[in-house]
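# Structure at a glance
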Amino acid sequence: MGAQFSPQRYDHDVKLVVTGTIGIDTVYTPRDKREGVLGGSAAYFAAAASQLNPVRLVAAVGGDWPSDHRETLSSFPGVCIAGLDARPLSRTFAWGGRYFEDVNRRETLFTEVGVLQEAPPPVPAAYRDSEFVFLGNTHPAVQLGFIDQFPARKLVVADTMDLWIRTAHSELTALLKRVDGLIVNDSEAGELTGFRNAISAGKKILDMGPSFVVVKKGEHGAVLMHRGGMALVPAFPVEEHQVVDPTGAGDSFAGGFMGYLAREERTDAAALQSAMAYGTVMASFALESFGLDRMRILRAAEFQQRLSDFQQLARVG
Ligand code: AMP
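Residues numbered from 1 in each chain as written. Predicted model: local features only at pLDDT ≥ 70, side-chain atom pairs only at ≥ 80, totals over all residues. Heavy atoms only, no water.

## Quick look at the sheet that holds strand 6 (residues 93–99)
Here we have 4 strands laid out as an open sheet, ordered 3-2-6-7, and mixed in their pairing. The open sheet has two free edges, formed respectively by strand 3 (33–39) and strand 7 (106–112), since each of these has just one partner strand. Geometrically, the sheet is characterised by an average inter-axis angle of 20° between neighbouring strands, direction not taken into account. Taken together, the 6 bridges between strand 6 and strand 7 define a ladder with antiparallel strand orientation. (Pairing = 2+ DSSP bridges. Helix = DSSP H or I, 4+ residues; strand = E, 2+ residues; numbered from the N terminus. Axes fitted to C-alpha atoms, helices over the stretch in contact; angles between N-to-C directions.)

Printed below as a string of structure tokens:
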């Protein structure tokens, strides 16, 4: 078990786990460029979720993984990195992306799969009692393979993205039959279902298996759909100059969402709706910096303040 998890900060057991990628990112925004940024679905998720509940991480990295990235990840007291599989002879997953002037839009410049084309990272025996499982973005066949390795699971939620929708559609269809929830953005929901409209896409996704789906609509908020109805949240209002790098905002949303559910030990519809607010506020912090810089210095009181501001802003009726 990594020394990074300090149980004294929490008064209950760790039960949240994330599987996914650790990436070395290259990011171009309209005003800036960064290379060698610590990213990946599991890294962003874990940094965000750990603000609310301890989280166990399962991911692989190669021999080229910078030691300062390890130090950064280890600096989050709630992130357990015992499930980080370091492979000296392999290369870390690398991703490059460019944002347009409208930062809701980005293009992938390159994806170097590296360790992703090898065997998935093993799940440590100590993680098998995890109850809240988040399958961060990676190949859907790998996501599927993780599910049965968590026999105590109470809630399994997955994320996916355009690359997998295009290249692994049948594996993704199989995955959807096994998960409780899916978190996607509107363009991914559109690609997956053929519907541009988030409500129509959401309904179709429910028909594909999950009992709930969250469709994120960038600066226009997010929609939760489940068998009993739906719920909406706006995005937290941020000004243009506050958006430094949107990379990882989606994974941070998921981290806030799952971190809240794990902390509350709830999976009911009302909790899912509240979790949307936690995810939204967490994402609003993530986009204030490249990589995990903002998450590293986020204080609980700051999060709480923004959450209550958001609750006031979003009040209806
Ligand atoms: P997000 O902005 O929330 O969609 O997440 C972006 C992060 O996902 C980046 O840090 C990338 O390293 C990582 N990423 C990009 N493409 C993929 C992919 N195909 N599979 C898994 N992770 C990816």
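Next comes the rest of the account.
## Looking at the site of the ligand
The environment of the ligand is formed by 18 residues, the closest being Asp25, Gly40, Arg106, Gly248 and Asp251. Here an oxygen atom of the ligand and a backbone polar atom of glycine 40 are 2.7 Å apart. Between arginine 106 and the ligand, the recorded distance is 2.8 Å, taken from a side-chain N or O atom to an oxygen atom. Contact with the protein chains covers 94% of the free accessible surface of the ligand, which is 500 Å². Secondary-structure elements contributing two or more residues to the shell around the ligand are helix 1 (41–49), strand 6, helix 4 (162–167) and helix 8 (249–264). Per-element tally for the shell around the ligand: the top contributor is helix 8, with 3 residues. (Near = heavy atom within 4 Å. Polar contact = N/O pair within 3.5 Å; in protein donor to acceptor, adjacent residues only side chain to side chain. Areas by Shrake-Rupley, 256 points an atom, 1.4 Å probe, with all protein chains shown as cover.)

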